[in-house]
Amino acid sequence: MTLTDLRYLIALAHERHFGRAAEKCHVSQPTLSVAIKKVEDELGVQLFERSATEVKITSTGQRIVAQAEKVLMEAAQIPEIAAAGKDPLSGPLRLGVIYTIAPYLLPRLIPRVHKLAPRMPLIIHENYTTRLLEALKRGELDVIVLSLPFDEAGVVAQPVYDEPFRVLMPATHPWTALEHIDPDKLADDQLLLLGAGNCFRDQVLEVCPHCRSVSGLQRTLEGSSLETIRHMVATGLGVTVLPSTAADDLPAQNALVAVRPFSDPEPSRRVVLAWRVTYPRSGAIDVLRTAIRESELPGVRPIGRAAPLELA
């Protein structure tokens, strides 16, 4: 059994389809099928149930695939350890960022990372929190930027900044006469939210619990991204809540919208860097943390170099 065989097992377990798994592994379907059968014969146990329409993984197969993922992740550490011993700032860094942070952080971050570590290009992947954490644990990503809370064993999290929330409204909205917005007022207007499954949507609903009611949710509209929601507000459709990095610079760019802070206590989110506890390139993490702090993101409150917290 080889590491390549383990990659084939994992791909088939994820895709549940021989053709797609083979395509993902960049091999022919017969090559992948033969390798899977070879592993099953070697182990003397069936890992997958095959039919004309689907592929199902057996309970034993699930346990073996989980162990295979651990093996591949540990094997991936070997070249990383060697690279870190030579120069932790040389070679690509695989960076994951959640959707509600990436568009506002990356344009400021990338030039600063390039200045601090010109031989460390960034391979960037945007996704939801759960998917980024899965990719991090599998060794497909080196470090991710996301907001609390999350709980994942074997992952180190270090806060980098707190980001207050803002209310974005049409420039002609009556709330523009107010200096601060009370969170409860959100339930009185047409509220635009991200779709279900996005952590920022959940954070907004925590800011205004009244918006969770059936009648309140019936009066919300959903957008696929914060950028889409910003455009809908500009048309006069309603109001929304945005992180300060997505909101504070908007009025200067678009005369159709206005931004107001919340009343105290100001709701916010804590943004962290997270990486595997075994990840060897600590120097690369230091560069990323420094570059984020130097990015001068609108409205955020940088956090000093707090001790990393290993999540159990």
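Above this text you will find the structure in question.
Residues numbered from 1 in each chain as written. Predicted model: local features only at pLDDT ≥ 70, side-chain atom pairs only at ≥ 80, totals over all residues. Heavy atoms only, no water.

(A) Highlighting the nonpolar core. Counting 41 residues, the largest nonpolar core has Leu109, Val145, Leu273, Leu288 and Ile292 as the members making the most contacts within it. Of all the secondary structure elements, the ones that give two or more residues to this core are β3 (93-98), α5 (102-116), α6 (129-137), β5 (143-147), β6 (155-170), β11 (268-276) and α12 (282-293). Among the elements that line this core, the one with the most residues is α12, at six residues. For Val145, the contacting residues outside a window of four places in its chain are Leu95, Gly96, Val97, Ile98, Ile101, Leu105, Val271, Val272, Leu273 and Ile292. (Core = buried A, V, L, I, M, F, W, Y, C linked by side-chain atoms within 4.5 Å. Buried < 20%, exposed > 50% of the residue type's maximum accessible area, 1.4 Å probe, protein only. Helix = DSSP H or I, 4+ residues; strand = E, 2+ residues; numbered from the N terminus. Contact = heavy atoms within 4.5 Å.)

(B) Spotlight on unusual backbone geometry. Of note, the amide linkage connecting Leu148 to Pro149 takes the cis form, showing an omega dihedral of 5 degrees. In this fold, Pro149 is placed in the loop between β5 and β6. Pro265 follows Asp264 through a cis peptide bond whose omega is 0 degrees. Secondary-structure assignment places Pro265 in the loop between β10 (257-261) and β11.

(C) Main features of the side chain of Arg230. Among the structural elements, Arg230 can be located in helix α9 (residues 226-234). Judged by relative accessible area, Arg230 falls into the buried class, the value being 14%. A polar atom in the side chain of Arg230 sits 2.6 Å from the backbone oxygen of Ala246. Setting aside residues no more than four positions away along its own chain, Arg230 makes contact with Tyr104, Leu168, Leu242, Ala246 and Leu250. (Polar contact = N/O pair within 3.5 Å; in protein donor to acceptor, adjacent residues only side chain to side chain.)

(D) Main features of the packing of aromatic side chains. Across all of its chains, the model carries two aromatic pairs by this definition. Centroid distance Tyr99 to Tyr128: 5.0 Å. Interplanar angle 80 degrees. Geometry classified as edge-to-face. Of this pair, Tyr99 sits in the loop between β3 and α5 while Tyr128 sits in the loop between β4 (122-127) and α6, and the two are 29 residues apart along the sequence. Using a relative accessible area of 34% as the deciding quantity, one classes Tyr99 as partly exposed. Given a relative accessible area of 34%, Tyr128 falls into the partly exposed group. Their ring planes at 80 degrees and their centres at 5.2 Å tell us that Phe165 and Phe200 sit as a pair that is edge-to-face. One end of the pair, Phe165, is in strand β6; the other, Phe200, is in helix α7 (residues 199-207), with 35 residues separating them in the sequence. (Phe/Tyr/Trp six-rings, centres within 6.5 Å; stacked < 30°, edge-to-face > 60°.)

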